[in-house]
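Chain by chain, the residues:
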Amino acid sequence: MNITFNRDNLKGFVDEAEFKALILEIQKAHEAIEKRNGPGAEFTGWVDLPGRIKDSFLADVTKLGREVRKNSDCLVSIGIGGSYLGIRATIEFLGTDRKFPVYYAGQNLSSDGLHDLLDDLKSKKVTVVVISKSGTTTEPAVAFRIIKKFMHKKYSAKELKKRIICVTDEKKGALRKIAEKEGYQTFIIPDDVGGRFSVLTPVGLVPLSIAGVDVKALIAGARLAQSEFSKMDLEKNIAYQYAAARYLLYKKGKAIEVLSSFYPNMFYVAEWWKQLFGESEGKNGQGIFPASLNLTADLHSMGQLMQDGVRNVFETFLIVDKPKYKLTIPSDKDNLDNFNCVAAKDLDFVNKQAYRATAMAHYEGGVSNMTITVSDISATTLGQLYYFFEKAVAISGYLLGVNPFDQPGVEAYKKKMFELLGRK
Ligand code: PA5
């Protein structure tokens with residue numbers, strides 16, 4: 001596996017006996033997930049999804065990606081929540097082809113943002129992928145209206161059938177109806193996989209192939225994780241250890257989890273993680289509030305609160321063992337800044353020391369912490385990481401006694417907004 005987990009810095013906060021005492025509860029949650037008979041079982045299609053994806057489908061989307069990149073300068077990916085975050089997390093984590101930019105729309109309602117995007121697209125050959133499981137979500141629906149009009153002005157109806165691709169439900173929703181009426185190419189989102197668990201379905205695979213991501217490697221990683229994290233062995237299953245640690249800390253009043261990373265390319269991985277954990281656990285008056293920090297930048301702002309504020313927080317560090325590039329710090333003959341101590345060292349050496357120092361200082365300041373380390377920046381590793389978190393949140397949700405696969409709360413604002421908009 002390309003992921004390791006360290007919980008040494010829970011010492012004094014959670015002890016080994018407490019982990020052992022939780023084994024029966026974890027076993028129950030494990031069986032409910034594997035046998036698909038717990039709350040929300042109808043949305044557990046993600047559990048064996050990596051193993052079920054056909055290699056022929058991966059070959060088809062890879063080919064589609066190559067074709068689109070040949071006839072386009074860029075991709076516009078329209079979607080929100082589970083139909084957005086995993087795509088952006090993957091692309092930004094891997095840092096794919098800068099000559100083929102991916103733009104995002106439909107994840108807010110800002111007129112200025114969309115206006116600027118349309119301006120940028122004027123001189124480019126554009127392909128649009130619009131993604132919505134329900135096919136009725138306001139933000140992507142409104143953005144698609146505007147972008148569709150722009151595309152209609154730019155291209156013939158025949159050309160648009162190649163340049164607009166819809167990823168949506170097999171039968172339901174307005175997007176399905178629009179795609180059928182206009183003859184756009186479509187891909188189906190499986191019924192039994194909820195939005196926040198859908199990055200490894202066509203939701204992610206279609207735009208990611210177009211962006212040049214090696215989706216075969218992404219799925220290969222997830223397949224490995226599927227087999228590794230389906231073992232009911234708390235000693236070995238690090239997804240279960242992570243879920244158990246979170247639950248035990250929560251029961252001791254640690255109601256906020258901060259995911260801290262030291263790499264800007266992890267920013268959207270943390271955003272994806274926030275949706276996965278927040279939407280899965282935050283219900284029935286329960287749930288750990290998932291927050292994130294971008295270090296070392298946030299050490300110069302939120303560092304004070306983390307070190308010294310209310311002790312209702314625990315921290316999970318997300319570390320990359322080997323970044324993609326090496327960058328040596330030069331020696332300086334004047335040494336006015338007194339940093340010749342790191343001359344000839346790789347910049348990542350300093351980053352790693354910053355992580356070690358932060359973990360120690362926060363632990364001493366009363367913030368228990370754990371570390372998830374991924375070996376490298378690759379699609380295989382990210383596939384493993386996605387599945388690791390998905391399995392962990394399922395266990396964690398069942399430990400809390402909630403249905404981790406529904407999201408009734410997100411409807412509340414929509415109802416009120418539709419009333420205000422006069423939409424039936
Ligand atoms: O997890 C969820 O279900 C939501 O966050 C959805 O992903 C988000 O609302 C987008 O929904 P849809 O794909 O139906 O447009």
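Residues numbered from 1 in each chain as written. Predicted model: local features only at pLDDT ≥ 70, side-chain atom pairs only at ≥ 80, totals over all residues. Heavy atoms only, no water.

Describing the sheet that holds strand 5 (residues 164-168)
Then, number 1: With parallel pairing, the five strands of this open sheet are ordered in space as 3-2-4-5-6. Strands at the two margins of the open sheet, each flanked by one partner only, are strand 3 (102-105) and strand 6 (185-188). On average, adjacent strands in this sheet sit at an angle of 20° to one another, irrespective of strand direction.
Then, number 2: Bridge count for strand 2 (residues 74-78) against strand 3 is four bridges, and the pairing is parallel. Residue pairing for strand 3: Ser-77 is matched across the bridge by Tyr-104. (Pairing = 2+ DSSP bridges. Helix = DSSP H or I, 4+ residues; strand = E, 2+ residues; numbered from the N terminus. Axes fitted to C-alpha atoms, helices over the stretch in contact; angles between N-to-C directions.)

Examining helix 12 (residues 238-251)
Then, number 1: With 14 residues, helix 12 should reach 20 Å at 1.5 Å per residue; the first-to-last C-alpha distance of 20 Å fits that figure.
Then, number 2: Helix 12 sits mainly inside the fold: 13 of its 14 residues count as buried.
Then, number 3: You can read the cap of helix 12 off the contacts: a side-chain oxygen lies 3.1 Å from the backbone nitrogen of Ala-239, and it is on Asn-237. (Expected span 1.5 Å × (residues − 1). Buried < 20%, exposed > 50% of the residue type's maximum accessible area, 1.4 Å probe, protein only. Polar contact = N/O pair within 3.5 Å; in protein donor to acceptor, adjacent residues only side chain to side chain.)

Comments concerning the side chain of Ser-83
Then, number 1: Structurally, Ser-83 can be placed in the loop between strand 2 and helix 5 (85-94).
Then, number 2: Judged by relative accessible area, which is 9%, Ser-83 ranks as buried.
Then, number 3: The residues contacting Ser-83, other than those within four sequence positions of it, are Ile-78, Ile-131, Ser-132, Lys-133 and Val-203. (Contact = heavy atoms within 4.5 Å.)

Here's the deal with the packing of aromatic side chains
Then, number 1: Throughout the structure, instances matching the rule amount to 24 aromatic pairs.
Then, number 2: Centroid distance Tyr-84 to Tyr-104: 5.6 Å. Interplanar angle 75°. Geometry classified as edge-to-face. Here the residue Tyr-84 occupies a position in the loop between strand 2 and helix 5, and Tyr-104 occupies one in strand 3, the gap between them amounting to 20 residues. Accessibility classification places Tyr-84 together with Tyr-104 in one group, the buried group.
Then, number 3: Through successive ring pairs, a cluster of aromatic residues spans Phe-5, Phe-229, Tyr-242, Trp-272, Trp-273, Phe-277, Tyr-386, Phe-388 and Phe-389. (Phe/Tyr/Trp six-rings, centres within 6.5 Å; stacked < 30°, edge-to-face > 60°.)

Looking at the side chain of Arg-88
Then, number 1: Along the polypeptide, Arg-88 turns up in helix 5.
Then, number 2: The buried category is assigned to Arg-88, whose relative accessible area is 17%.
Then, number 3: A distance of 3.4 Å separates the side chain of Arg-88 from the side chain of Tyr-268, its partner in a polar contact.
Then, number 4: When sequence neighbours within four positions are dropped, the list of residues in contact with Arg-88 reads Tyr-104, Gln-107 and Tyr-268.

Some thoughts on the nonpolar core
Then, number 1: Residues Tyr-242, Leu-385, Phe-388 and Phe-389 are the most contacted members of the largest nonpolar core, which totals 111 residues.
Then, number 2: The dominant element in this core, judged by the number of residues it contributes, is helix 16 (residues 379-400), at 14 residues.
Then, number 3: Mapped onto the domain boundaries, this core takes at least three residues apiece from domain 1 (3-35 + 220-408) and domain 2 (49-213).
Then, number 4: Look past the residues within four positions of Tyr-242 in its chain and what remains in contact with it is Phe-5, Glu-257, Trp-273, Phe-277, Thr-316, Met-370, Ile-372, Phe-388, Phe-389 and Ala-392.
Then, number 5: Judged by nonpolar contacts, the second largest core, of 24 residues, contains Cys-74, Phe-144, Tyr-155 and Leu-175. (Core = buried A, V, L, I, M, F, W, Y, C linked by side-chain atoms within 4.5 Å. Domains from an automatic or database assignment.)

Here's the deal with the sheet that holds strand 1 (residues 3-6)
Then, number 1: A sheet is described by the order of its strands in space; here five strands give the open sequence 1-10-9-7-8, paired in mixed fashion. Only two strands of the sheet have a single neighbouring strand rather than two, namely strand 1 and strand 8 (289-294). The average undirected angle you get between the axes of adjacent strands in this sheet is 20°.
Then, number 2: Judged from the six bridges that link them, strand 7 (residues 256-261) and strand 9 (residues 313-322) form a sheet pairing that is parallel. If you follow Leu-259 over to strand 9, its bridge partner there is Thr-316.
Then, number 3: Docked against the sheet, helix 13 (residues 267-281) engages strand 7, strand 8 and strand 9, running at close to 175° with respect to strand 8.
Then, number 4: Taken strand by strand, helix 16 contacts strand 1, strand 9 and strand 10 (369-376), and its axis lies near 150° from that of strand 10.

Quick notes on the pairing of strand 4 (residues 126-132)
Every regular strand shows the same layout, with side chains that alternate between the two sheet faces.
Then, number 1: With seven of seven residues buried, strand 4 is to be regarded as a mostly interior element.
Then, number 2: Residues of strand 4 alternate between two faces, with Val-126, Val-128, Val-130 and Ser-132 on one and Thr-127, Val-129 and Ile-131 on the opposite face, all of them buried.
Then, number 3: Across five bridges, strand 2 lies against strand 4 in parallel orientation. Bridge pairing in strand 4 links Val-76 to Val-128.

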